[in-house]
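Structural overview for review
Below, each chain spelled out in residue letters.
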Amino acid sequence: MRSIIVTGGSRGIGSAISATLAKAGYAIVINYNNSAEKAFELCKEIQEQGGKAIAIQGDVSKTADIKKIFEQAYKNFGTPYALINNAGIALQNSLIQDISDKQLEAVISTNLIGAIKCSREATRYMVSEHCGRIINISSIWGEVGASCEVVYSASKAGIIGLTKALAKELAPSGITVNCIAPGVINTDMISCYTQEDIEVLRNETPLGRIGTPNDIASAVEFLISDKSSFITAQVLGVNGGFGI
Ligand code: NAP
């Protein structure tokens, strides 16, 4: 059974990805940082439905934690087939001049450096297998930029650069690297928006709704599958047409 590590698998998009991939027959490593209860609940649900999952605590901005996640994943399920770099935090509604060093460093070290370090650790296990997938969760803001979300946008643009460069580096090893750039998705991350803000975003989305975590999970399921074996270095916008 192929195993997949989902960073930030405890809530929101990561939780939907974990549940969807478990149903598709993969063993899931649900990484969480603070939301232990949610991660173990999801793990139990997957196991009760006959799937395989474990929950592992770890902060993706810390190298030692990343090593621990991969060691425990390997002990339980062997070499991972895929890594989903999903863990992320946002810094919304902040003008650049008001952002502290601490806030800036937290976003970059979680969203971008965390994804780079997790990818580095994953390749140490995966390269000798000559197959596998890395999928990075970027954002539409990484493609077009968002006012008052400068650091977040920069971190997500970096994810796109990471995807393209790593795809070239890992292609000879048979590993594909792709990126999903979600539009506005209904999770805790957008809870800072007012109902009016959400309505504006919905109206700006040609398909007339904001997205769900399952919209992203379905795209991940395709990119993980053998049906996507000739696709690498791509940025797939899952955004209802938002931003076009
Ligand atoms: P969310 O509901 O706020 O969930 C964030 C997840 O990331 C949680 O599982 C959280 O784990 C985990 N996480 C945060 N910091 C972490 C760290 N240092 N180490 C390990 N895990 C960490 O957000 P979401 O909307 O599902 O976002 C998931 C991804 O999609 C993010 O990369 C985000 O930037 C991206 N995205 C979201 C949207 C959107 O509109 N929602 C749009 C574009 C892109 P704990 O709770 O366990 O700490």
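Within the protein chain, the regular secondary structure consists of 8 helices and 7 strands. Its C-alpha atoms give the protein chain a radius of gyration of 17 Å, near enough to 18 Å, the size a compact globule of 244 residues would have. Counting only C-alpha atoms and orienting by the principal axes, one finds that the protein chain spans roughly 45 × 35 × 35 Å. Burial status across the protein chain gives 51% buried among its 244 residues. If you take every contact in the protein chain between residues at least 6 apart in sequence, the share linking residues at least 24 apart comes to 73%. By element, 52% of the accessible surface of the protein chain is carried by carbon and sulfur atoms, the whole surface being about 11400 Å².

Now for the site of the ligand. In the vicinity of the ligand, 31 residues are found, and the nearest of them are Arg11, Ser35, Asn86, Tyr152 and Thr187. The contact in question runs from an oxygen atom of the ligand to an N or O atom on the backbone of glycine 8, over 3.0 Å. Isoleucine 185 is positioned with one of its backbone polar atoms (N or O) 2.9 Å from an oxygen atom of the ligand. Calculation on the ligand without its partners gives an accessible area of 890 Å², and the protein chains cover 95% of this total. Here the ligand is seated within the largest pocket.

In terms of nonpolar packing, the biggest core is built from 31 residues, with Ile84 and Val220 touching the most fellow members. Breaking this core down by element, the ones donating at least two residues are strand S1 (3–6), helix H1 (12–23), strand S2 (27–32), helix H2 (36–48), strand S3 (53–57), strand S4 (82–85), strand S5 (132–137) and helix H8 (213–224). Here the element with the most residues in this core is H8; it accounts for 6 residues. Ignoring sequence-local partners within four residues, the contact set of valine 220 consists of Ile17, Leu21, Ile84, Ile135, Ile137 and Ile180. Counting 27 residues, the second largest nonpolar core, distinct from the first, contains Ile54, Ile159, Leu162 and Leu170.

On to the pairing of S2, then. The side chains of a regular strand alternate, residue by residue, between the two faces of the sheet. Of all 6 residues making up S2, 6 are buried, and the element is well covered by its neighbours. Residue alternation in S2 divides its side chains into two sets, Ala27, Val29 and Asn31 and Ile28, Ile30 and Tyr32, and both sets are buried. Inspection of the sheet shows S1 paired to S2 by 4 bridges, in the parallel sense. Residue pairing across strands places isoleucine 4 opposite isoleucine 28, the latter belonging to S2. Note on the crossover from S1 through H1 to S2: the handedness is right-handed. Here S2 pairs with S3 via 5 bridges, running parallel. Along S3, the bridge assignment pairs valine 29 with isoleucine 54. Crossover handedness for the path S2 to H2 to S3: right-handed.

For the coordinates displayed, the defined rule picks out 4 aromatic pairs. Judged by centre distance (5.8 Å) and plane angle (25°), the ring pair of phenylalanine 70 and tyrosine 125 falls under stacked. Here the residue phenylalanine 70 occupies a position in helix H3 (residues 63–77), and tyrosine 125 occupies one in helix H4 (residues 101–126), the gap between them amounting to 55 residues. The interplanar angle of 45° and the centroid separation of 5.6 Å between the aromatic rings of tyrosine 74 and tyrosine 125 together place this pair among those described as tilted.

A few words on the packing of H1 against H8. Running from N to C, H1 and H8 cross one another at 50°; their axes reach a closest spacing of 8 Å. The pairing of H1 with H8 is recorded here as oblique in orientation. Considering only the axes of H1 and H8, their crossing is right-handed. Where H1 abuts H8, its residues Gly12, Ile13, Ala16, Ile17, Thr20 and Leu21 lie against Pro213, Asn214, Ile216, Ala217, Val220, Glu221 and Ile224.

The rules behind each value
- Residues numbered from 1 in each chain as written.
- Predicted model: local features only at pLDDT ≥ 70, side-chain atom pairs only at ≥ 80, totals over all residues.
- Heavy atoms only, no water.
- Helix = DSSP H or I, 4+ residues; strand = E, 2+ residues; numbered from the N terminus.
- Rg over C-alpha atoms; globule rule 2.2 N^0.38 Å.
- Buried < 20%, exposed > 50% of the residue type's maximum accessible area, 1.4 Å probe, protein only.
- Contact = heavy atoms within 4.5 Å.
- Areas by Shrake-Rupley, 256 points an atom, 1.4 Å probe, with all protein chains shown as cover.
- Near = heavy atom within 4 Å.
- Polar contact = N/O pair within 3.5 Å; in protein donor to acceptor, adjacent residues only side chain to side chain.
- 1 Å grid on protein atoms, 1.4 Å probe; cavity = no way out; pocket = protein on both sides within 12 Å on 5 of 7 lines; lining within 4 Å.
- Sits in = over half its atoms within 2 Å of the grid points.
- Core = buried A, V, L, I, M, F, W, Y, C linked by side-chain atoms within 4.5 Å.
- Pairing = 2+ DSSP bridges.
- Right-handed = clockwise from strand over helix to strand, strands pointing away.
- Phe/Tyr/Trp six-rings, centres within 6.5 Å; stacked < 30°, edge-to-face > 60°.
- Axes fitted to C-alpha atoms, helices over the stretch in contact; angles between N-to-C directions.
- Parallel < 35°, antiparallel > 145°, perpendicular 65-115°, else oblique.
- Left-handed = near helix turned anticlockwise from the far one by under 90°.

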